[in-house]
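# Summary of structural features
Now for the letters of each chain:
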Amino acid sequence: MDKIKNETKWFDVSVQDNIDFTPNHLSLISQSPLIDTNKIIDSNYYYPSSAGKGIDIYFIDQGLYTNQHRDFNTEERIITCDAIIRGHNVHHTTDEEKNNCSGSGVYPDHGVMVSSVSGGTIYGVAKKANLHMIAIDGKIINVLRGIDYVLQYGKPHKTIINLSLGHKGYSKIENDKITDLINKGYIIIVSSGNEEDNCCVDKSDENFHSFAGYRKAITVGAVNTELNGKGYVKASYSDYGDCIDIYAPGDVTFANTRDSSDDDFSIETGTSCATPLVAGVAATIMSEHTEIEFDNELMRKTLIEMSIKDVIYGLKDNTPNRFINN
């Protein structure tokens, strides 16, 4: 423990040991991939004990069902659905909806996943971060309304926004909204996409990728969640390109809150899964360094500096070779 503290400069170290769920995305972000696979692999997750405390992570996504699952423990933080944006209506949630909300009216599997792996008590990176869901119906205009909500109610330099979504086509309004968020001190982390495509093409290209293509938010690609002793392989579906800042595990285990059980789990794959892992790491960095006023560019620089370089195979088109490391 002393050696870990000396290496990381964390004030205190917490360990989630004997992790038995597979895929185990947590151990990968706190250890080197260059291990001897002939030896027993350490499946623990090592993280700073501050664990995102005092930091708000906002998700603009399908919604959130906590359903008394152990992963959404609120002893040391807030977990809430703040608003439901459907059609042209921004609805502030009732007390009942704060634990169970959906933008489309059906179980929000995707929204539960991003919340769980970013800040869940069991499956999450930042286990003490405040989690805020803005449930949307999937319309792009309502993503923008969700951004406006964060601008109105979020705390600059204490807020991370997770956008595990995207679409094709350039929009000046979207570009301006992202610029507004960044200029006011918010940190935005977005998924690159799952088209196995270059997501960094110019805005004049019909295949322009929103939100990665604006080259402003911190953009995340995905690798296979496997260790082979030599590094990682880019996930076959993951987008690539010179605007991607960092890669993270694309296969995750997360809380399944469909039923009343407090420990059910599911497995999901995609850059949507990798993105909230990076958001969680960013939250732990911010909670561990409360003396620093982080903004989007400083967080991008910090994540890049801390990343493990040149351990990903299968990249092309001048894609930066960086793997997330906490």
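Just so you know, these numbers come straight off a predicted model, no measurement behind them. (Residues numbered from 1 in each chain as written. Predicted model: local features only at pLDDT ≥ 70, side-chain atom pairs only at ≥ 80, totals over all residues. Heavy atoms only, no water.)

The amide bond that connects Thr22 to the next residue, Pro23, takes the cis arrangement and shows omega of 5°. Within the fold, Pro23 resides in the loop between β1 (13–16) and α2 (25–29). The peptide bond linking Ser210 to Phe211 adopts the cis configuration, its omega dihedral lying at 20°. Locating Phe211 in the fold gives a position in the loop between β12 (209–210) and β13 (218–223). Phi is positive for Lys9, close to 65°, though the residue is something other than glycine. Within the fold, Lys9 resides in the loop between α1 (2–8) and β1. Classification of Lys9 as exposed rests on a relative accessible area of 57%. (Helix = DSSP H or I, 4+ residues; strand = E, 2+ residues; numbered from the N terminus. Buried < 20%, exposed > 50% of the residue type's maximum accessible area, 1.4 Å probe, protein only.)

In this section: the side chain of His132. One can find His132 in strand β8 (residues 130–136). Polar contacts involving the side chain of His132 include one to the side chain of Asp56, which spans 3.2 Å. Among residues more than four places away in sequence, those in contact with His132 are Asp56, Ile57, Tyr58, Phe59, Thr80 and Asp82. (Polar contact = N/O pair within 3.5 Å; in protein donor to acceptor, adjacent residues only side chain to side chain. Contact = heavy atoms within 4.5 Å.)

Once that is clear, we can look at the UniProt feature "active site" (unreviewed entry) in the protein chain. If you check UniProt for "active site" (unreviewed entry), the listed places come out as Asp61, His110 and Ser272 in our numbering. Separation in sequence by 212 residues is not matched in space for these annotated residues, since their most distant C-alpha atoms are only 10.5 Å apart. Mapped onto the elements of the fold, Asp61 is located in strand β3 (residues 56–61). Apart from residues no more than four positions distant in its own chain, Asp61 is found in contact with His110, Gly111, Val114, Met133, Ile134, Ala135, Ile136 and Ser164. At a separation of 2.8 Å, a polar atom in the side chain of Asp61 contacts the side chain of His110. Considering the arrangement of structural elements, one finds His110 in helix α3 (residues 109–119). In this structure His110 comes out as partly exposed when scored by relative accessible area, which is 22%. Discounting residues that sit within four places of it in the chain, His110 has contacts with Asp61, Gln62, Ser164 and Ser272. (UniProt positions renumbered as here; feature names shortened; annotations may be inferred.)

Moving on, we come to the state of the cysteines. In this structure the tally under the stated criterion is two disulfides. In this model, Cys81 is linked to Cys101 through a disulfide, with the two sulfur atoms separated by 2.1 Å. When the S-S torsion is 100°, as for the bridge of Cys81 with Cys101, the disulfide is right-handed. Residue Cys81 is located in strand β5 (residues 79–86), and its partner Cys101 is located in strand β7 (residues 100–102); the two are separated by 20 residues in the primary sequence. You can call Cys81 buried: its relative accessible area is 0%. (Disulfide = S-S within 2.5 Å.)

Secondary-structure assignment places Asn130 in strand β8. One polar contact links Asn130 to Asp56, side chain to side chain, over a distance of 3.0 Å. Polar side-chain contacts of Asn130 include one of 2.9 Å to the backbone nitrogen of Ile78.

Counting 70 residues, the largest nonpolar core has Ile160, Ile189, Met299, Leu303 and Ile324 as its most contacted members. At 10 residues, the largest contribution of residues to this core is made by helix α6 (residues 271–288). Setting aside chain neighbours within four positions, we find Ile160 in contact with Ile55, Asp56, Ile57, Tyr58, Ile187, Ile189, Ala279, Ala282, Ala283 and Met286. Core analysis: the next-biggest nonpolar cluster, separate from the first, contains 23 residues, Ile147, Val150, Val190 and Tyr214 among them. (Core = buried A, V, L, I, M, F, W, Y, C linked by side-chain atoms within 4.5 Å.)

Here Leu181 is to be found in helix α5 (residues 172–183). When the C-alpha atoms of Leu181 and Ile160 are compared, they prove to be 10 Å apart, with 21 residues separating the residues in sequence. The contacts of Leu181, once residues within four sequence positions are left out, are Ile147, Leu151, Ile161, Tyr186 and Ile188.

What you see with strand β2 (residues 45–48) is no split at all: Tyr45 and Tyr47 on one side and Tyr46 and Pro48 on the other are buried throughout. Both β1 and β2 contribute to a ladder of four bridges, which runs antiparallel. Directly across from Gln16, in β2, lies its bridge partner Tyr45. (Pairing = 2+ DSSP bridges.)

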